[in-house]
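Summary of structural features
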Amino acid sequence: MFLILGHCCSNLYLVFVVFTATCFSSCWVLYGQHNSVTLSSFTYATTVLKPYEWRYISVDLPPWFSLVTISLESNVGIDLKRIGKVSTLPMICFREGSPPLPDVYNTSHTGLVIDHISNSSFGGSQDLQIVEKCYPMQKSIFLTLTNEQIHPGIWYFGLFNGIGPIRTQSKMINRGHSYSFSGNITVEGCTNSAMLGKFCNQPINLLSCLDTYISPESGIGSQSYKTTSNVTTCGGTEESCLDLAGSKVYSLDVVSIAEELIITALNITPQSQRSNGTISGSGISLMCYVRHGAIPLPQLYDYSADINRSPLVIPLPKLGRWYIKIQPANLSASMAVIQEMSTTICYSLEWQVRQCPADKAGLNCTTAKYTLQTFLRKNPSVAFESYYLPISGKVSSDSANFPLGPLLSNSSDMGDYTWTFFLMDIPYGAAGGNIHVRLTSEAKISGEIYARYGGFPSLSNWDYFYANSTSDSNGSMFFKVYDASDKSVSFYIIYARGGTWSFGLRHPISNSHSPTVETIMSISLERCPEKCSSHGTCQSVLDASGLTFYSFCACGRLNGGFDCSIELVSSSGEVLKTHVGHTWQSISLIASNAAALLPAYWALRHKAFAEWVLYTSSGISSGLYHACDVGTWCPLTFHVLQFMDFWLSFMAVVSTFVYLAAIDEVSKRTIHTVVAILTALMAESGPTRSSNIILVVAIGSLGLLIGFFIEFFTHRRWISFSTELCLNMLNRWETVKAWIHNFIRSLLKRFRWGFLIAGFTALAMAAISWKLETSQNYWIWHSVWHVSIYTSSFLFLCSKAAAVNCENEPPRPENYELARQNSFSGSNGRDGR
């Protein structure tokens, strides 16, 4: 037996060893192929988005990341062929560096792609720095994005359940469809910093920039580029060889604002194994593809050139890491012999980063450049608010504004106009902040302002600009002009990403001998544009990942929009623009509460004073609440009025049901106390939920049923089962039948069933109108709700009849008279005997 067990165990052990070795070898092959590890993984629990709610998710992609996997599940099913209003469409938006904001302008709807999102949607996504892309939400989204498709940095995903001005408006009620989502986001990175690519199998050669580098005569310095003694250059060279069908990738870090990045190739020589010598490489095309932040591809790059013909010049390069890909291409017919004889091409790659001194800018370093110093505002309740002043002895730091006169450049090689540059740095944790730029002058402003992230702006390379009241980038998604007069300019860059921003002021060359007009400039970082236009409050919250703060405006009832600048309700209560309607809408919502007079009058006439107070208070509080809701008058805070409206409405419905039971006041007070507690919790925790209608009716029905039981046990004697009754089954069955018959007769006589059926019909109409309410037709159906719910209470009250005890019913009068006649007859007969 032990031998058998030992033999089996040895076989199992052998199987285990083989399985382990196989798994280890396969896992090692897979690891060797991908050579990546998981850097971060976030799981997001199921989250419900009500109408016009949104959530942001931020993902940090380090420079050595290889791919990011995004998996989202939702209960949204959208037919792309039948998309209705964009304002109510559930969507997902993507943006690099800062949160997306799809409803800054109506023109931003052009960023909506009516298609299913896929991996191919992110090809060439560098434009997402200043724009965004939005897609309809899907039931299932699975994306695997590599470092060849998107840049490293912080990416934001915004999930919206409807957009538009009313998204930030304080609404009395939010009707519409909710949807839920959950998901997981995983970031993988390469274990070796010298390897990148989709599978971390692309070698990267790191280029360093030496300040002591001197270009050879045959290199960049011998080309026809302007050079001055002020230009400082860092660079280097590297000898390299590659196959005719191969390629090499390099990386170069630009760590400070520069004027030019120049790349060229020297001493290109095909190497031949047959001739054991070298052949002239003048006919070889050595293509150079350059891309900022990601590995370039022949079909996806920022700049390209044949560096064997001429150097590749990148003007005003951005800060950060640049990737350079070198590969041979387009061999001519005369080079067929070279292609057959040679296997490699050798060359010297030369690069230079040209920049000016700390206070100068431009190709010839003739324009002024100033670095702005950050001054935090003394408001501990608001994070990341600050203003910026030039680090210069020419201006004072006593004010957030600074004069431009002493700072402007007065020389240029570009005619009558020159540039003055200002550099500012925004903390990466300040995502969701807004750059505010203002210019005020005593005369007409003649300058133009250009802004760019990560590098100097120019007339052909900028992110945002303002020239005059008719020429600016106000159509951009994240640029908003608030003042565009001749003597003052005020604009915001919305949700500016963290990092270095450069502002270029293009202006006429000033004459120091002529009197100058004072122009004042200010640059600040604010949490909400225009302080929410004084129509809302600025709120800062965490995104869904809990790692990033962002700010938004919570507007009042009268205004909406991302900055609360859009008037949705006028001071007279007329609903305007995106909020449907006219004056009759306000009148309808307020005046429809007059239906409360019906049950209140009935209760007062029948001396049901508690119910009279309840119906009257409910109608008044609802009228006041809706008057505040449409912007007419708010005697109390909006929250208090909302609570009173819903709580008293719930109490009125339940109290009507309880009143139908003929019980004593002690029992009624007990039931009312319990009901008041339950309905108060409902009105405070979730007053606008549609399920509240079912709960209120259920509570009222339960109160009515309890009242019936109390009345039954109080007024009726329970069937006593004596020993004889238990033995006599026939008598017991007859007794039960009689009790059921009496109970049905009592129930039929308890109500006026015509009123009762009409009451349930009105209650059903109220439930239907509640269900049909949306943000657009709210005023119609909620007015119907008012009339229906109060009318149903009135009909239920009218359905109550006098309680009748059929079991102890007294004898009928005719039978009583007949008995009297028979007794009289009997006495007369005795008397006559």
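It should be emphasised that the depicted structure is a prediction, and the values quoted were computed from it without experimental measurement.

Rules behind the numbers
- Residues numbered from 1 in each chain as written.
- Predicted model: local features only at pLDDT ≥ 70, side-chain atom pairs only at ≥ 80, totals over all residues.
- Heavy atoms only, no water.
- Helix = DSSP H or I, 4+ residues; strand = E, 2+ residues; numbered from the N terminus.
- Buried < 20%, exposed > 50% of the residue type's maximum accessible area, 1.4 Å probe, protein only.
- Pairing = 2+ DSSP bridges.
- Axes fitted to C-alpha atoms, helices over the stretch in contact; angles between N-to-C directions.
- Core = buried A, V, L, I, M, F, W, Y, C linked by side-chain atoms within 4.5 Å.
- Parallel < 35°, antiparallel > 145°, perpendicular 65-115°, else oblique.
- Left-handed = near helix turned anticlockwise from the far one by under 90°.
- Contact = heavy atoms within 4.5 Å.
- Disulfide = S-S within 2.5 Å.
- UniProt positions renumbered as here; feature names shortened; annotations may be inferred.
- Phe/Tyr/Trp six-rings, centres within 6.5 Å; stacked < 30°, edge-to-face > 60°.
- Lys NZ or Arg CZ within 6 Å of the ring centre and 35° of its normal.
- Salt bridge = Lys/Arg side-chain N within 4 Å of Asp/Glu carboxyl O.
- Nonpolar A, V, L, I, M, F, W, Y, C, P; charged D, E, K, R; others polar.

**Quick notes on unusual backbone geometry**
Residues apart from glycine generally show negative phi values, whereas peptide bonds are mostly found in trans. Of note in the backbone geometry, Cys-365 takes a positive phi value of approximately 55° without being a glycine. In this fold, Cys-365 is placed in the loop between strand S20 (360-361) and strand S21 (367-376). Even without being glycine, Lys-607 reaches a positive phi, approximately 60°. With relative accessibility at 65%, the residue Lys-607 sits in the exposed group.

**Quick word on the sheet that holds strand S2 (residues 54-61)**
Spatial ordering of the open sheet is given by S2-S7-S4-S5, a layout of four strands whose pairing is antiparallel. Both outer strands of the open sheet, S2 and strand S5 (133-136), are each paired with one neighbouring strand and no more. Here the average twist between neighbouring strands, direction ignored, is 20°. With four bridges joining them, strand S4 (residues 90-96) and S5 adopt antiparallel strand pairing. Following the sheet pairing, Met-91 is matched in S5 by Pro-136.

**Focus: the nonpolar core**
Judged by nonpolar contacts, the single largest core of 54 residues is most densely connected at Ile-435, Trp-501 and Phe-503. Broken down by element, this core gets its largest block of residues, four residues, from strand S30 (residues 488-493). Counting 34 residues, the second largest nonpolar core, distinct from the first, contains Ala-595, Leu-756, Ala-766 and Trp-785.

**Focus: the packing of helix H4 (residues 597-605) against helix H5 (residues 609-629)**
Two numbers describe how H4 lies on H5: the axes approach to 8 Å, and their chain directions differ by 160°. One finds that H4 runs roughly antiparallel with respect to H5. Considering the relative orientation of H4 and H5, their crossing is left-handed. Contacts between H4 and H5 involve Pro-599, Ala-600, Ala-603 and Leu-604 on the former and, on the latter, Phe-609, Glu-611, Trp-612, Tyr-615 and Thr-616.

**Description of the state of the cysteines**
Here is the idea: a disulfide is a covalent bond, and it sits between the sulfur atoms of two cysteines. Inspection of every chain in the model, using the stated rule, returns eight disulfides. Between the sulfur of Cys-241 and that of Cys-346 lies a disulfide, 1.8 Å long from S to S. In this structure the cystine formed by Cys-241 and Cys-346 twists about its S-S bond by roughly 105°; its chirality is therefore right-handed. Of this pair, Cys-241 sits in strand S11 (residues 232-243) while Cys-346 is found in strand S19 (residues 342-355), placing the two residues 105 residues apart along the sequence. Cys-241 gets classed as partly exposed once you look at its relative accessible area, which sits at 36%. A residue is classified by how much of its surface remains accessible, and Cys-346, at 15% relative accessible area, is buried. In this model Cys-528 forms its disulfide with Cys-538; the gap between the sulfur atoms is 2.0 Å. Looking down the S-S bond of the Cys-528 and Cys-538 bridge, the torsion is 80°, so its handedness is right-handed. Of this pair, Cys-528 sits in the loop between strand S32 (519-526) and strand S33 (536-542) while Cys-538 sits in strand S33, placing them ten residues apart in sequence.

**A few points about the pairing of strand S7 (residues 153-161)**
Extensive coverage of S7 is indicated by the burial of seven of its nine residues. Pairing between S4 and S7: seven bridges, direction antiparallel. Bridge pairing links Arg-95 to Tyr-156 in S7.

**Structural notes on the UniProt feature "transmembrane region" (unreviewed entry) in the protein**
Per the UniProt annotation, the sites labelled "transmembrane region" (unreviewed entry) are residues 12-31, 646-663, 670-687, 693-713, 753-772 and 778-798. Counting secondary structure, residues 753-772 comes out at 100% helix and 0% strand; the distance between its end C-alpha atoms is 28 Å. Secondary structure content for residues 778-798 is 100% helix and 0% strand, and the end C-alpha separation is 30 Å.

**Digging into the side chain of Ser-502**
By the secondary structure assignment, Ser-502 is in strand S31 (residues 499-508). Once residues within four sequence positions are removed from consideration, Ser-502 is found in contact with Phe-421, Phe-422, Leu-423, Tyr-450, Ala-451, Arg-452, Gly-455, Phe-456 and Pro-457.

**Overview of the pairing of strand S18 (residues 320-329)**
For S18, the buried fraction is high: eight of the ten residues fall into the buried class. Bridge count for strand S12 (residues 248-254) against S18 is seven bridges, and the pairing is antiparallel. Counterpart to Val-249 in the pairing with S18 is Lys-325. Two elements, strand S15 (residues 285-292) and S18, share eight bridges in a ladder whose sense is antiparallel. Among the inter-strand pairings, Met-287 is bridged to a residue of S18, identified as Gln-327.

**Some points on the environment of Ser-140**
With respect to the helices and strands, Ser-140 occurs in strand S6 (residues 140-146). In this structure Ser-140 comes out as partly exposed when scored by relative accessible area, which is 41%. The spatial distance from the C-alpha of Ser-140 to the C-alpha of Gly-77 is 9.6 Å, given a sequence separation of 63 residues. The contacts of Ser-140, once residues within four sequence positions are left out, are Leu-72 and Glu-73.

**Brief notes about the packing of aromatic side chains**
Two numbers describe a pair of aromatic rings. These are the distance of the centres and the angle of the planes. Tallied over the entire structure, the rule returns 27 aromatic pairs. Both rings, one in Trp-419 and one in Phe-421, keep their centres 5.6 Å apart while their planes meet at 5°; by these two values the pair is stacked. Judged by its relative accessible area of 6%, Phe-421 is buried. Ring geometry for Tyr-453 and Trp-501: centres 5.4 Å apart, planes at 70°, overall edge-to-face. One end of the pair, Tyr-453, is in strand S26 (residues 448-453); the other, Trp-501, is in strand S31, with 48 residues separating them in the sequence. Each member of the pair, Tyr-453 as well as Trp-501, is classed as buried. Among the aromatic side chains, those forming a connected cluster through ring pairs are Trp-419, Phe-421, Tyr-450, Phe-456, Trp-462 and Phe-465. A cation over an aromatic ring shows up here: Arg-167 above the ring of Trp-54, its NZ or CZ 4.3 Å from the ring centre. Over the ring of Tyr-417 we find Arg-506, and its NZ or CZ is 4.4 Å from the ring centre.

**Comments concerning the sheet that holds strand S8 (residues 179-190)**
Taken in spatial order, the four strands make up an open sheet running S1-S8-S3-S6, and their pairing is antiparallel. Taken across any chain shown, the strands that pair with only one partner, and hence form the sheet edges, are strand S1 (36-49) and S6. Geometrically, the sheet is characterised by an average inter-axis angle of 10° between neighbouring strands, direction not taken into account.

**Some details on the pattern of salt bridges**
Tallied over the entire structure, the rule returns seven salt bridges. A salt bridge links Glu-96 to Arg-497; its shortest N-O distance comes to 3.5 Å. Of this pair, Glu-96 sits in strand S4 while Arg-497 is found in the loop between S30 and S31, placing the two residues 401 residues apart along the sequence. By relative accessible area, Glu-96 is classed as buried at 2%. For Glu-448, the salt bridge identified is with Arg-506, shortest N-O distance 3.5 Å. With a gap of 58 residues between them, Glu-448 in strand S26 and Arg-506 in strand S31 connect regions that are remote in the sequence. Residue classification places Glu-448 among the buried positions, given a relative accessible area of 18%. With a relative accessible area of 19%, Arg-506 lands in the buried category.

**Considering the packing of helix H6 (residues 638-659) against helix H12 (residues 778-798)**
At their nearest, the axes of H6 and H12 sit 9 Å apart, and the two run at 10° to each other. As judged from the angle between their axes, H6 and H12 are roughly parallel. Touching Ala-652, Val-653, Thr-656, Phe-657 and Tyr-659 of H6 are Ile-789, Ser-793, Phe-796 and Leu-797, all from H12. Here the contact of H6 with H12 is composed, by residue class, of seven nonpolar, two polar and no charged.

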